[in-house]
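What follows is each chain in one-letter form.
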Amino acid sequence: MGRNIKKFVFILAAVCFFLFAAAGCAAQERVDDKEEESSVAERMILTIDNQSATVLLAENAAAEALVARLRQGEIRYTADDYGGFEKVGDLGFTLPRDDSRIQTQPGDVILYQGRQIVLFYGSNTFSYTRLGRIEGLALQQLEDFLCAGRGSVSVTLSLGR
């Protein structure tokens, strides 16, 4: 009888060990899933003349502050052509700057002097803070979307969730 009790205790301990190990793995998977969700890059919706494009946002304080502001509601401003390679518009408020000298490319979304958003359809080298990049548009599509060279446009920024 004593031997059966020992066997029963051993089997019970083994079952408990495997149950706790499985629960630990499941808990770790949930932690891994949450870490994966939080590492997914934030996206913003850019709308011009009822056409929308997605902007993959940079991972910096300016983009984070912009997302925080967008959580309160969409942002609207007017952007104008400048220099034959960009659309520039004043946000009406300031975002944190971390300017560095960068070479922009068509599709870049840039913060200039802390309060202006620059949407590039050409390139330039200057001291800016990168906010993000417009996704999925070829150069001609990007120029058409931004109404390149055609004057003022109304821009709406949102999180579009």
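Refer to the structure printed above.
Only a predicted model underlies this, so the values are computations on that prediction, with no experimental measurement involved. (Residues numbered from 1 in each chain as written. Predicted model: local features only at pLDDT ≥ 70, side-chain atom pairs only at ≥ 80, totals over all residues. Heavy atoms only, no water.)

**Topic: the pattern of salt bridges**
Where we set the bar: Should a side-chain nitrogen of Lys or Arg be within 4 Å of a carboxyl oxygen of Asp or Glu, the pair is scored as a salt bridge. Only runs of H or I of at least four residues qualify as helices and only runs of E of at least two qualify as strands under DSSP, and these elements are numbered from the N terminus. Exposure classes here rest on a 1.4 Å probe applied to the protein chains alone. A residue is buried below 20% of its type maximum, exposed above 50%, and partly exposed in between.
For the structure on display, the rule yields eight salt bridges. The residue Glu42 makes a salt bridge to Arg71 at a minimum N-O spacing of 3.9 Å. Of this pair, Glu42 sits in the loop between helix 1 (2–39) and strand 1 (43–48) while Arg71 sits in the loop between helix 2 (61–70) and strand 3 (75–82), and the two are 29 residues apart along the sequence. Take Arg71: its relative accessible area is 57%, and that puts it in the exposed class. Across the salt bridge formed by Glu74 and Arg76, the nearest N and O atoms sit 2.5 Å from each other. A single salt-bridge network, built from bridges that share partners, covers Asp108, Arg130 and Arg133.

**Structural notes on the layout of surface pockets**
So the rule is basically this: Buried and open spaces are told apart on a 1 Å grid over the protein atoms alone, a cavity being a set of points where a 1.4 Å probe fits but cannot get out and a pocket being an open set with protein on both sides within 12 Å along at least five of seven lines. Residues with an atom within 4 Å of a point are the lining residues. Grid points are joined across faces, edges and corners, and a volume is the space filled by probe spheres set on the points. Classification convention: Asp, Glu, Lys, Arg as charged; Ala, Val, Leu, Ile, Met, Phe, Trp, Tyr, Cys, Pro as nonpolar; all other residues, Gly among them, as polar.
Taken as a whole, the second largest pocket encloses approximately 150 Å³ of empty space. Along its surface, the second largest pocket is lined by Tyr82, Phe85, Glu86, Val88, Tyr112, Gln116, Val118, Asn124, Phe126 and Tyr128. If you list the elements that add at least two residues to the lining of the second largest pocket, you get strand 4 (86–90), strand 7 (116–120) and strand 8 (125–134). Looking at the lining of the second largest pocket residue by residue, the classes come out as seven nonpolar, two polar and one charged.

**Some thoughts on the side chain of Thr129**
Note the threshold: As used in this structure description, the phrase polar contact means that two N or O atoms lie within 3.5 Å; if the pair is within protein, one of them must be able to donate a hydrogen and the other to accept it, and residues adjacent in sequence are counted only when both atoms belong to side chains. Contacts were defined at the residue level, with two residues in contact if any of their heavy atoms lie within 4.5 Å.
Tracing the backbone shows Thr129 in strand 8. There is a polar contact of 2.9 Å between the side chain of Thr129 and the backbone nitrogen of Asp98. For Thr129, the side chain forms a polar contact with the side chain of Asp99, separated by 2.6 Å. Excluding anything up to four places from it in sequence, Thr129 contacts Asn60, Ala62, Pro96, Arg97, Asp98, Asp99, Ile110 and Leu111.

**Quick notes on helix 2**
Convention followed: To obtain the arc, one takes the directions from the helix axis to the C-beta atoms.
Taken together, the buried positions of helix 2 are occupied by Ala62, Ala63, Leu66, Val67 and Leu70. Here the buried residues of helix 2 occupy an arc of 135 degrees about the axis, which is enough to place them on one side. One side-chain oxygen at the N-terminal end of helix 2 lies 3.2 Å from the backbone nitrogen of Ala62; it belongs to Asn60.

**Side note on the nonpolar core**
We count it as follows: Among the buried residues, those of types Ala, Val, Leu, Ile, Met, Phe, Trp, Tyr and Cys that are joined through side-chain atoms within 4.5 Å form a nonpolar core.
Residues Tyr77, Leu119, Val155 and Leu157 are the most contacted members of the largest nonpolar core, which totals 32 residues. The biggest single contributor to this core is helix 2, with five residues. In contact with Leu157, not counting residues within four places along its chain, are Met44, Ile45, Leu46, Leu66, Leu70, Glu74, Ile75, Tyr77, Leu91 and Ile117. One finds Ile102, Ile110, Phe120 and Tyr128 within the second-largest nonpolar core, a separate group that totals seven residues.

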